[in-house]
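Structural characterization, general
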Amino acid sequence: MKKIVSIILVCVFAAAGFGCAFFESPEERVARYVSLNQSQIREIADSAKDVMEISCFAEGKTMVIQYDYLKDTGADAASISGTLDSVGGTYKKMYDELARFAHDEDVSVILRYNGPDGARIFDYVVDKDYVPGENAGELDFNSVKTVEDYVRSDAFRAMISAQDDEYFAYTADVENGSTVVVFHTLKNAYSAEELANIKADWDASMQETGPEAVNNMKSAVGLVVKDTPITVVYRLVDSEGNVVSEYSGE
């Protein structure tokens with residue numbers, strides 16, 4: 001069974017410090033932009049500290065946001081890229097803001113992912129030629145006030161459904177105001193015996209990866225919706241909508 005893939009933390013910068021810098025080079029402006037946003041990076045990094053280390057630095061005309069996984073989550077280039085593509089509008093907006101700040105369209109943003117052994121998983125490059133994927137969402141943080149706002153947004157749903165595979169469709173909703181429910185819905189019908197075997201495999205997988213998956217989801221939602229206690233439930237659902245199993249990490 002496919003391993004549970006952690007939610008990718010989306011990092012959006014606030015516009016700041018557009019003061020006069022006529023004598024700065026584009027490289028210096030990129031470095032200054034990164035410096036101005038370090039407090040926000042530290043806040044995000046602290047929220048994700050149990051999952052990954054997050055840092056941000058300038059490399060010439062490039063702003064690098066680096067994600068160093070602390071454990072093997074099963075994340076690979078394809079799964080991460082698919083999730084990032086699903087909210088490509090957000091990253092295009094990030095590039096546009098950096099380009100305006102640097103007064104140079106040849107800047108770029110790189111989202112860099114490294115495994116727990118330090119090996120590069122891949123670089124996701126957003127530059128002037130970047131085109132968000134079809135139906136890519138964009139996170140509008142100004143409209144997000146509650147857990148429901150975020151989890152039911154098109155962008156969040158796109159991130160979740162980007163993990164769909166030949167066996168499962170992935171969706172999410174909210175119960176009781178602050179419980180995020182992630183549904184793993186089987187695409188095909190199975191016999192009672194087959195369903196029992198799938199349940200056993202799913203339960204075993206969740207016992208192994210569930211605690212980290214729950215923490216990842218709490219971190220991802222908590223980055224956007226502040227000061228709200230969040231609980232997370234994962235549910236295995238058959239093709240007719242019946243709940244087959246549930247994992248809450250408790």
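The text that follows walks through the structure, step by step, so that each part is easy to find. Worth saying up front: this structure is predicted, and the values here are computed from it rather than measured.

**Considering the packing of aromatic side chains**
- A full pass over the atoms with the stated rule returns nine aromatic pairs.
- For the pair tyrosine 150 and phenylalanine 156, a centre-to-centre distance of 4.9 Å together with 65° between the ring planes defines the contact as edge-to-face.
- Of the residues examined, tyrosine 150 reaches a relative accessible area of 3% and is grouped as buried.
- For phenylalanine 156, a relative accessible area of 1% gives the class buried.
- A network of ring pairs unites the aromatic residues Tyr67, Tyr69, Tyr91, Tyr113, Phe122, Tyr124 and Tyr130 as a single cluster.

**Re the environment of alanine 200**
- Locating alanine 200 in the fold gives a position in helix H7 (residues 192-222).
- As a C-alpha pair, alanine 200 and serine 245 span 45 residues in sequence and 9.2 Å in three-dimensional space.

**What to know about the sheet that holds strand S7 (residues 231-237)**
- Across the sheet, four strands lie side by side as S5-S6-S7-S8; this open sheet has mixed pairing. Bordering the open sheet on either side are strand S5 (168-175) and strand S8 (243-247), each of which pairs with just one other strand. On average, each strand axis in the sheet is inclined to that of its neighbour by 25°, with strand direction left out of account.
- As paired strands, S5 and strand S6 (residues 179-186) are joined by eight bridges and run antiparallel to one another. Along S6, the bridge assignment pairs alanine 169 with threonine 185.
- On the sheet, H7 packs against S6, S7 and S8 and is oriented at approximately 155° with respect to S7.

Rules and cut-offs
Residues numbered from 1 in each chain as written. Predicted model: local features only at pLDDT ≥ 70, side-chain atom pairs only at ≥ 80, totals over all residues. Heavy atoms only, no water. Phe/Tyr/Trp six-rings, centres within 6.5 Å; stacked < 30°, edge-to-face > 60°. Buried < 20%, exposed > 50% of the residue type's maximum accessible area, 1.4 Å probe, protein only. Helix = DSSP H or I, 4+ residues; strand = E, 2+ residues; numbered from the N terminus. Pairing = 2+ DSSP bridges. Axes fitted to C-alpha atoms, helices over the stretch in contact; angles between N-to-C directions. Contact = heavy atoms within 4.5 Å.

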